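# Reading the structure
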Amino acid sequence: MSTGTDSDNNLPESPNRDLSQRLTPSQLVTAFGRQHPDWVSEIREALGEITLVVPAAHIVDVCAELKSGAETQFDFLSDICGADRGVEEEPRFEVNYHLFSTKKHHRLRVKVLLNEGEAHVPTVTGVWRTANWHERETFDLMGVVFDGHPDLRRILLPDDWQGHALRKDFPLRGYEPYSLK
Amino acid sequence: MSAVNIPPQFEIVDRPLDTQMTISMGPQHPSTHGVLRLELVLDGEMVVKATPDIGYLHTGMEKLFEYKKYQQGIVITDRMDYLNPLGNNLAYVMAVEKLLELEIPERAQTIRVLMCELQRIASHLVWLGTHALDIGAMSVFFYCFREREKILNLIEAASGGRLTPSYFRIGGLMMDLPSGFERRVGQFQDGFIKAVDEFHVLLTGNRIFQNRTKGVGVITAEDAIDWGLSGPCLRGSGVDLDVRRVNPYCSYETYEFDVPVEQDCDVWARYMVRMREMKESHKIVAQALGRLKPGPVKADAPKVVLPDREAMKTHMDALIHHFLIVAEGFDVPAGEVYHPIEGSKGELGVYVKSDGGPKPSRVHFRGPSFVNLSALPHMSEGAMMADIVAIIGSLDIVLGEIDR
């Protein structure tokens, strides 16, 4: 083992930890995709952001692995948001998980694509507790059901609201005046 | 058998220990900072369970974005976190600029930093005034609002609006700073450190305030990360994390400032973090003032940025561009971005998805208040009823941002 002062000059250092710190997030994600080929359907890089497209069935495994992996350490879930790609599109819905690492300070977007008929994703509340409200919001406004969520109720709209407001086929001005029953 | 006859309503009844009462706190309760309703399950005065009920201010802003052109969305962002409107402006315009891959001139960047840090101070002043008011220290409120008034006057001088400035535009600023602005900021700066010391004299040494805040609403660093807390709430739990440091934007990496961190994890720690942060913002404002050099405040992108008023009257192409931007908007390349900034309350992230047209396909705001509030049930378990008020105050929530 070389001491800190010696190793400053020669770049290829021996300890693995130092090497992994130099891996860029895109290298990390590529390595992750190589380790788990079934879990990753696509890796996109655009505008300095990396997106990992994941089959819905594996989202919990992927998130748990990204959180606990020694090199990834995505321990902070910034945000979950759903998006409607358009009524005609198939798969119609997507759910974006924005991850952040409080130790490595890198960011990653994990994306799940969902068909209209089967807008179900397993919940990640078991991985990060903060997912609770994000998933409730996505369920409320986008109508994506998070299976296994401990408390999947509407959060912003009233309990007896019909429809999901952020879907593209939901009009900006309502079907009829809403009245509290 | 007692010798004295006690009227029945004063009779002491043995209450079974498991008797619990559910009460509704809010939405009109003054210390819920807007229209937050809490469903509290109480055992005596102890909180067994607190369930926040939100959505009273929901106005469908994210839906509205999809029907507005990109530049029209800026005014919607003002109305989310109405105590930090410039921060919201910044997060939104930077996300769109990232999609457009626009270069922003240096002067515009510096002014953005300057205005955002002033806004952060103003936001913290409202927090301090109302937090102290909730706990029972009334006079602090007036001192805070005296200082905030000066900042609002500055924001008004620059943008024309006090609460909803919409000062930042996609590609730069609405307009340059008015003449004499630096001098007026300097005047505010001179008196502000003394004002912060005044707040310390009013509150920090106050034994009642200390008793009400120390050891209340504890959340450990591990839990804070798990619950997604950010901003002063996270730094009050001993996690050294600031988006301005870890993912710098607007050349924040070139400014010298400390990130205050406290280890106590309670309401007091969050109070101390924000008090120290105000001084750090004061430092950044001073540095930004020193860097202001003459230059353009709008990017050189005639198809995106509105032309000068004068150019419009003399140049045909400027007039055409103006007409097209206002009437049709500008197309943004298809793609998606998530842009986080350090708002006054924590990580303010904006997700913008474009399908190539002049209107966004989806805009989502990661409001720090929304996430911070979701940790309230965890923090308030086993607390006293009166502590709930202190904990809500320490989270510094704005319901406009939570409900959107």
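About the thresholds
- Residues numbered from 1 in each chain as written.
- Chains lettered and ligands numbered in written order.
- Predicted model: local features only at pLDDT ≥ 70, side-chain atom pairs only at ≥ 80, totals over all residues.
- Core = buried A, V, L, I, M, F, W, Y, C linked by C-beta atoms within 7 Å.
- Buried ≥ 20, exposed ≤ 12 C-beta atoms within 10 Å, placed from the backbone.
- Helix = DSSP H or I, 4+ residues; strand = E, 2+ residues; numbered from the N terminus.
- Domains from an automatic or database assignment.
- Contact = placed C-beta atoms within 7 Å.
- Nonpolar A, V, L, I, M, F, W, Y, C, P; charged D, E, K, R; others polar.
- Pairing = 2+ DSSP bridges.
- Axes fitted to C-alpha atoms, helices over the stretch in contact; angles between N-to-C directions.
- Parallel < 35°, antiparallel > 145°, perpendicular 65-115°, else oblique.
- pLDDT = per-residue confidence, 0-100.

Burial of nonpolar side chains together is a common tendency in soluble globular proteins. Counting residues in each nonpolar core, the largest one holds 149 residues, and the members touching the most others are V144 of chain A together with A95, V96, M115, L118 and I391 of chain B. Among the elements that line this core, the one with the most residues is helix α4 (residues 106-135) of chain B, at 15 residues. Built from parts of two domains, this core gets at least three residues from each of domain 1 (8-53) and domain 2 (61-403) of chain B. Apart from residues no more than four positions distant in its own chain, A95 of chain B is found in contact with V337, H339, V350 and V352 of chain B.

To continue, consider the interface of chain B and chain A. Of the residues lining the interface, 32 residues belong to chain B; the matching set on chain A comes to 26 residues. At the level of secondary structure, the elements contributing two or more residues to the side of chain B that touches chain A comprise α1 (61-65), α3 (85-100), α8 (221-226), β6 (335-342), β7 (347-354), β8 (362-366) and α14 (368-374) of chain B. For the side of chain B that touches chain A, a count of residues per class yields 14 nonpolar, 9 polar and 9 charged.

What follows concerns the pairing of strand β2 (residues 37-43) of chain B. Residue and element names in this part refer to chain B. Sheet analysis places strand β1 (residues 21-25) next to β2, joined by 5 bridges and oriented antiparallel. Paired with M21 across the two strands is L42, which belongs to β2. Taking the residues between adjacent antiparallel strands as the criterion, β2 and strand β3 (residues 46-53) are bridged by 2 residues, where G44 takes a positive phi near 65°.

Another aspect to go through is the environment of Y97 of chain A. Residue and element names in this part refer to chain A. With respect to the helices and strands, the residue Y97 is situated in strand β4 (residues 93-100). On the basis of neighbour count, Y97 is assigned to the buried category, with 27 C-beta atoms found within 10 Å. Sequence spacing of Y97 and L77 is 20 residues, and the spatial spacing of their C-alpha atoms is 7.3 Å. Residues contacting Y97, with those up to four places away along its chain left out, are C63, L77, I80, R109 and V110.

Before going further, it helps to spend a moment on the domain arrangement of chain B. Residue and element names in this part refer to chain B. The domain boundaries assigned to chain B delineate domain 1 (8-53) and domain 2 (61-403). Between the C-alpha centres of domain 1 and domain 2 there is a distance of 34 Å. With 15 residues of domain 1 at the contact, the number on the domain 2 side is 18 residues. Mapped by element, the contributors of at least two residues to the side of domain 1 that touches domain 2 are β2 and β3. Per element, the largest residue contribution to the side of domain 1 that touches domain 2 is 6 residues, and it comes from β3. Partitioned by chemical class, the residues of the side of domain 1 that touches domain 2 number 8 nonpolar, 5 polar and 2 charged.

We now examine the packing of α4 of chain B against helix α16 (residues 385-395) of chain B. Residue and element names in this part refer to chain B. Two elements in contact, α4 and α16, have axes separated by 9 Å at closest approach and are oriented at 175°. Relative to α16, the element α4 lies roughly antiparallel. Across the interface between the two elements, T130, H131, D134 and I135 of α4 pack against V389, A390, G393 and S394 of α16. Across the contact of α4 with α16, the residue classes break down as 3 nonpolar, 4 polar and 1 charged.

A word on the confidence of the model for chain A. It should be kept in mind that the predicted coordinates are not to be read in detail where pLDDT is low. Residues and elements named next belong to chain A. Residues of chain A with pLDDT of at least 70 account for 83%, and the chain-wide mean is 80. Element-level mean pLDDT values for chain A span from 40 in helix α1 (residues 4-7) up to 92 in β4. Of the regions scoring below 50 in pLDDT, residues 1-20 engages in 5 contacts with residues more than four places distant in sequence or in other chains.

As a further point, take the sheet that holds β8 of chain B. All names here are of chain B. Spatially, β6-β7-β8 is the arrangement adopted by the 3 strands of the open sheet, whose pairing is antiparallel. What marks the edges here is a single partner per strand, and that holds for β6 and β8. Averaged over all pairs of adjacent strands, the angle between their axes in this sheet comes to 10°, without regard to strand direction. Strand direction decides the pairing type here: β6 and β7, joined by 8 bridges, are antiparallel. What sits directly across from E342, in β7, is E347. In this fold α3 packs onto β6 and β7, with an angle of close to 145° to the strand it touches most, β6.

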